Amino acid sequence: MTAYHNMSCPPRSNINKVVQAVGEQIVFNFKHINLHIPDDKSFMPDAMRNALIKKWLESYMRKHSAELDAVSRPTGYMIGTPIDLTQNSGIYHICRDPLLTVAIIGRISGMIYIPRREISLTCHTPGFDTPIAFPQKYFSQINDLKAQP
């Protein structure tokens, strides 16, 4: 055996990752734009919630497909940060535009916004139940962003 297999004692060091937002942030969340999935409840099994969300999203995209294609949104990749708005430090601004919110949240994979991704939602998509923030600098050239503190 080699020294690489020595697991006879616990590690002596701890690593803690701390993510702090730099600059102004735009927050996306379904709750803040009053988009509600009919009959969706947080205590339901994921499969049932996802079926309801998928049905709602298909209907929403049929009704708003032209607007979703035309909405001004960032063309580059962005990494989002899940946040707690109860500890608002004044750097967070909530996006109030439902089309932009669906266009952004629907294109998130993990915590990464992928601009050319097909719109898809599940109950675990960041921004659906929990707020997710992106740096405002990515939205600085978008004129139709409706953000409020």
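Structure first, text after, so check above.
Computed from a predicted structure; not experimentally measured.

What counts and how
Numbers given for residues are sequential positions, taken from 1 along each chain in its written order. Selection of residues for local features in this predicted model requires a pLDDT of at least 70, selection of side-chain atom pairs for listing and counting requires 80 or more, and totals for whole chains, interfaces and linings are taken over all residues. Processing note: side-chain calculations cover all non-hydrogen atoms of the structure and skip hydrogens and water entirely. For salt bridges, the criterion is a side-chain nitrogen of Lys or Arg within 4 Å of an Asp or Glu carboxyl oxygen. Partly exposed describes any residue whose relative accessible area lies between the buried limit of under 20% and the exposed limit of over 50%, with all areas from a 1.4 Å probe on protein chains only and scaled to the type maximum. Going along the chain from the N terminus, every DSSP run of H or I of four or more residues is numbered as a helix, and every run of E of two or more is numbered as a strand. A cavity, in this analysis, means grid points on a 1 Å lattice covering only the protein atoms where a 1.4 Å probe fits yet has no way out; a pocket is instead an open set bounded by protein on both sides within 12 Å along at least five of seven lines, and a residue lines either one if it has an atom within 4 Å of a point. Grid points are joined across faces, edges and corners, and a volume is the space filled by probe spheres set on the points. Each residue receives one of three labels: charged for Asp, Glu, Lys and Arg, nonpolar for Ala, Val, Leu, Ile, Met, Phe, Trp, Tyr, Cys and Pro, and polar for the others, Gly being one of them. Only the stretch in contact is used when fitting a helix axis, every axis being a line fitted to C-alpha atoms; angles between N-to-C directions are given from 0 to 180 degrees. Orientation categories follow fixed angle ranges, with anything under 35 degrees roughly parallel, anything over 145 roughly antiparallel, 65 to 115 roughly perpendicular, and all other angles oblique. By definition, any crossing whose near helix is turned counterclockwise from its far helix by less than a right angle is left-handed, and any crossing with a clockwise turn is right-handed. The contact criterion used is simple: two residues touch if any of their non-hydrogen atoms lie within 4.5 Å. Should DSSP find at least two bridges between two strands, the strands are regarded as paired. A helix is expected to span 1.5 Å for every residue after the first. Bend angle per residue: angle between axes fitted to the 7 residues ending at that residue and the 7 residues starting there. Within 3.5 Å is the distance limit for a polar contact, defined as a pair of N or O atoms, with the added protein rule that one can donate a hydrogen and the other accept it, and that residues adjacent in sequence qualify only through two side-chain atoms.

The subject of this paragraph is the pattern of salt bridges. Scanning all chains against the criterion turns up two salt bridges. Across the pair Asp-40 and Arg-49 runs a salt bridge whose closest N-O atoms are separated by 2.7 Å. Comparing Asp-40 with Arg-49, the two get one shared label, buried. The residue Arg-49 makes a salt bridge to Asp-129 at a minimum N-O spacing of 3.2 Å. Within this pair, whereas Arg-49 is found in helix 1 (residues 46-70), its partner Asp-129 is found in the loop between strand 6 (112-113) and strand 7 (132-135), the two being separated by 80 residues in sequence. Residue Arg-49 is classed as buried on the basis of its relative accessible area, which comes to 5%.

Take the layout of surface pockets next. Where empty space is left in the structure can be found by rolling a water-sized probe over the atoms. Looking at the largest pocket, its volume works out to about 200 Å³. As for the largest pocket, its lining consists of Asn-29, Phe-30, Lys-31, Leu-35, His-36, Ile-37, Asp-40, Lys-41, Ser-42, Arg-49, Phe-128 and Asp-129. Across the lining of the largest pocket, the residue classes tally to four nonpolar, three polar and five charged.

Another point: the packing of helix 1 against helix 2 (residues 98-105). At a minimum axis distance of 11 Å, the contact between helix 1 and helix 2 shows a crossing angle of 115 degrees. Judged by the inter-axis angle, helix 1 sits roughly perpendicular to helix 2. For the crossing formed where helix 1 meets helix 2, the hand is left-handed. Counting all contacts with helix 1, which are made through Trp-56, Leu-57, Tyr-60, His-64, Glu-67 and Leu-68, the residues of helix 2 involved are Pro-98, Leu-99, Val-102 and Ala-103.

Attention now goes to the sheet that holds strand 5 (residues 108-109). With antiparallel pairing, three strands are arranged side by side in an open sheet as 2-6-5. Of all the strands in the sheet, just strand 2 (78-79) and strand 5 have a single pairing partner and so form its edges. Pairing between strand 5 and strand 6: two bridges, direction antiparallel. Counterpart to Ile-108 in the pairing with strand 6 is Tyr-113.

Given 3.6 residues per turn, any residue in an α-helix points the same way as the ones three and four places further on. With 25 residues, helix 1 extends only 31 Å from end C-alpha to end C-alpha; this falls clearly short of the ideal 36 Å at 1.5 Å per step. The largest bend in helix 1 amounts to roughly 80 degrees and is located at His-64.

What you see with strand 1 (residues 25-28) is no split at all: Gln-25 and Val-27 on one side and Ile-26 and Phe-28 on the other are buried throughout. In this sheet, strand 4 (residues 92-95) lies alongside strand 1 in parallel orientation, the contact comprising three bridges. Looking at strand 4, one finds that Gln-25 is bridged to Tyr-92. Bridging between strand 1 and strand 7 involves four bridges; their strand directions are antiparallel. Bridge assignment links Gln-25 to a residue of strand 7, and that residue is Pro-135.

Extensive coverage of helix 2 is indicated by the burial of seven of its eight residues. Listed as buried for helix 2 are Leu-99, Leu-100, Thr-101, Val-102, Ala-103, Ile-104 and Ile-105. The backbone nitrogen of Leu-99 has a side-chain oxygen 3.1 Å away, supplied by the residue at the start of helix 2, namely Asp-97.

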